Amino acid sequence: MTEETPRKVDMEKIVSLCRRRGFIFPSSEIYGGLSSCWDYGPLGVELKRNVKEAWWRVVVQERDDMVGLDASILMHPQTWEASGHIEGFADPLVECKSCHLRWRTDEIKDNNCPSCGGELTEPRMFNLMFKTFMGPIEEEADVVYLRPETAQGIFVNFQNVVNTTRKKLPFGIAQIGKAFRNEITTGNFIFRSREFEQMEIEFFVKPGTDKEWFDYWLEERLNWYVKLGIRKENLRLRQHGKDELAHYAKECHDIDYLFPMGWSELEGIANRGDFDLVQHANSSGKSLEYFDEKTKEHFVPYIIEPSAGVDRSILAFLCDAYDEELAEGETRVILHLHHSLAPIKVAVLPLSRRDPLVALAKQIHADLRQCWMVQYDDAQSIGRRYRRQDEIGTPFCITVDFQSLEDNQVTIRERDSMNQIRVPVSELKDTLAAKLSGEELFVLPPGGKIWKGGEQGMISPQREK
Ligand code: GAP
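Residues numbered from 1 in each chain as written. Predicted model: local features only at pLDDT ≥ 70, side-chain atom pairs only at ≥ 80, totals over all residues. Heavy atoms only, no water.

A.B. asks: How would you summarise the pairing of strand β17 (residues 322–327) if you had to cite specific residues and measurements?
C.D. replies: When β17 meets strand β18 (residues 330–335), the two strands line up antiparallel, connected through 6 bridges. Bridging from a neighbouring strand, E324 pairs with V333 of β18. (Pairing = 2+ DSSP bridges. Helix = DSSP H or I, 4+ residues; strand = E, 2+ residues; numbered from the N terminus.)

A.B. asks: Residue-level account of the site of the ligand, with values.
C.D. replies: What surrounds the ligand is a group of 21 residues, the closest being E149, E183, S193, E200 and E265. A distance of 2.8 Å separates a nitrogen atom of the ligand from a polar side-chain atom of E183. Interatomic distance of 2.5 Å between a side-chain N/O atom of E200 and a nitrogen atom of the ligand. Of all elements in the fold, only β10 (195–205), β13 (262–273) and β16 (302–309) reach the threshold of two or more residues within the shell around the ligand. When residues in the shell around the ligand are grouped by element, the largest group, 5 residues, is from β13. In the shell around the ligand, the residues fall into 6 nonpolar, 5 polar and 10 charged. (Near = heavy atom within 4 Å. Polar contact = N/O pair within 3.5 Å; in protein donor to acceptor, adjacent residues only side chain to side chain. Nonpolar A, V, L, I, M, F, W, Y, C, P; charged D, E, K, R; others polar.)

A.B. asks: Mind laying out the nonpolar core, listing which residues take part and the relevant values?
C.D. replies: Ranked by size, the top nonpolar core spans 58 residues in total, and within it I14, W224, Y225, L315 and F317 carry the most contacts. Sequence-distant contacts of L315, that is, excluding residues within four places in its chain, are made with M11, I14, N188, F189, I190, F191 and F259. (Core = buried A, V, L, I, M, F, W, Y, C linked by side-chain atoms within 4.5 Å. Buried < 20%, exposed > 50% of the residue type's maximum accessible area, 1.4 Å probe, protein only. Contact = heavy atoms within 4.5 Å.)

A.B. asks: Tell me about the pairing of β10, and name the residues and values.
C.D. replies: Burial analysis of β10 places 10 of its 11 residues in the buried class, which makes it a mostly covered element. Judged from the 10 bridges that link them, strand β9 (residues 171–180) and β10 form a sheet pairing that is antiparallel. Looking across to β10, one finds that G172 is bridged to F203. Bridge analysis of β10 against β16 gives 6 bridges, and the strand direction is antiparallel. Bridging from a neighbouring strand, F203 pairs with I304 of β16.

A.B. asks: Run through the confidence of the model for the protein, naming residues and quoting values.
C.D. replies: Per-chain confidence: the protein averages 90 in pLDDT, with 92% of residues scoring 70 or above. Across residues 440–465, confidence stays below pLDDT 50; counting only partners more than four residues off in sequence or on other chains, it has 64 contacts. (pLDDT = per-residue confidence, 0-100.)

A.B. asks: So, the sheet that holds β10: which residues are in play, and what are the values?
C.D. replies: Pairing is mixed in the open sheet, where 7 strands are placed in the order β3-β9-β10-β16-β13-β12-β11. Of all the strands in the sheet, just β3 (66–69) and β11 (235–239) have a single pairing partner and so form its edges. Recorded for the sheet is a direction-independent mean angle of 25° between the axes of neighbouring strands. Where helix α7 (residues 210–227) meets the sheet, it contacts β3, β10, β11, β12 (251–259), β13 and β16, and its direction lies at approximately 150° from that of β13. (Axes fitted to C-alpha atoms, helices over the stretch in contact; angles between N-to-C directions.)

A.B. asks: Account for the side chain of T399, naming residues and giving values.
C.D. replies: Structurally, T399 is set in strand β21 (residues 396–400). Accessibility expressed as a relative area gives 5% for T399, which makes it buried. A polar atom in the side chain of T399 sits 2.8 Å from the side chain of Y386. Residues within four places of T399 in sequence aside, it is in contact with L349, L351, I382, Y386, S404, V410 and T411.

Below, the structure written as structure tokens:
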């Protein structure tokens with residue numbers, strides 16, 4: 001980690017917000033927690049679903065050259081022999097002779113314990129795969145591993161996918177799923193944990209075209225983060241030196257994000273060459289060659305692998321979205337999340353708990369929740385309710401007031417600008433749909449009256465493509 005610059009948000013603020021508002025809790029908290037394992041709460045699970053959905057949409061749904069897969073976590077043990085993980089998926093570990101903390105050697109600066117300065121043991125290799133047993137009697141059971149990457153499930157299914165989809169090269173297989181690593185040191189909240197989720201693409205190409213596809217995916221993946229609101233200046237590409245390349249990689253670039261603790265890997269993009277398919281073909285005795293019908297050639301494809309972390313993406317989106325500003329003498333915490341990522345899209349806020357108003361507000365709530373995750377909140381002042389929604393990143397609040405009963409109009413208040421517009425209830429769904437999909441911006445007509453903060457006024461909605 002280098003080039004650290006001061007940042008507006010520190011990790012404590014993100015952790016505290018996540019805990020306070022139900023995004024992320026420590027795992028098994030009532031028992032004191034389990035080191036580096038995390039539970040996604042009611043808002044976190046929505047954010048996570050939205051991140052995965054945003055990825056799946058662009059890498060699978062909107063492409064002709066990609067299909068999805070959901071392989072099992074437990075795989076034949078031979079998989080991990082062939083992949084090189086049993087031999088090579090290990091980190092050098094040292095232990096402090098005084099405080100007994102364990103460290104990866106890349107975390108050590110001057111040969112002493114980073115925590116107490118004590119003397120360290122000689123490094124020994126520590127395999128990061130979790131072992132478990134398949135079968136009822138442990139002594140007789142087969143040892144199986146929790147997968148440390150989702151990628152291997154894709155490689156072993158390469159031929160199945162070719163045969164059943166008749167996809168032609170170049171094409172890719174995408175998968176989202178859990179991976180497990182017995183990391184020596186964890187930390188920085190959900191950045192490095194022992195159980196996490198990956199979003200991986202294995203893109204199969206003809207050897208010789210791999211460089212071109214590698215560059216293509218670098219750009220695609222960088223732009224995915226930018227389109228979802230990550231500031232460009234918080235992203236960078238870092239090429240792996242020869243000494244740090246994984247055993248399977250010919251070339252690798254990390255997409256780094258400027259996390260609160262400094263620049264760190266968000267996603268890795270590797271050129272895996274033909275390493276994996278050759279290894280699995282040799283180990284299984286099954287051909288994993290591809291037949292090019294045009295050129296009549298048989299060959300083993302090369303693989304370009306963009307491999308992203310769901311949890312690290314969530315952390316980056318939260319850090320980038322977090323903001324504090326002074327509004328009406330109070331600190332307003334806002335998550336400027338991209339609309340597609342926001343856990344709750346709309347909040348319905350009746351100005352009073354009195355009956356005719358509640359009936360209308362509940363009817364609007366019931367109608368809107370057919371389309372989006374919508375919250376109904378009638379507790380405390382309207383200002384407090386807005387703040388609560390700002391803090392969890394809700395793009396739009398609908399206020400139902402007494403005037404609504406007369407003119408059948410409600411107010412839409414936008415999170416970032418706090419601007420407010422008045423719309424007929426009959427147009428509410430369409431207006432929100434346009435705004436949420438980013439097609440319609442708030443346009444304030446010259447001299448038009450707006451509602452900002454507590455101030456009241458009115459403008460009619462205008463559409464701008
Ligand atoms: N199949 C290639 C592969 O697994 P990796 O760089 O080891 O490559 C890919 O992992 C991504 O998975 C990382 O960029 C990161 O986002 C995520 N990741 C890896 N280890 C993680 C951990 N211990 N906790 C959270 N995310 C992790």
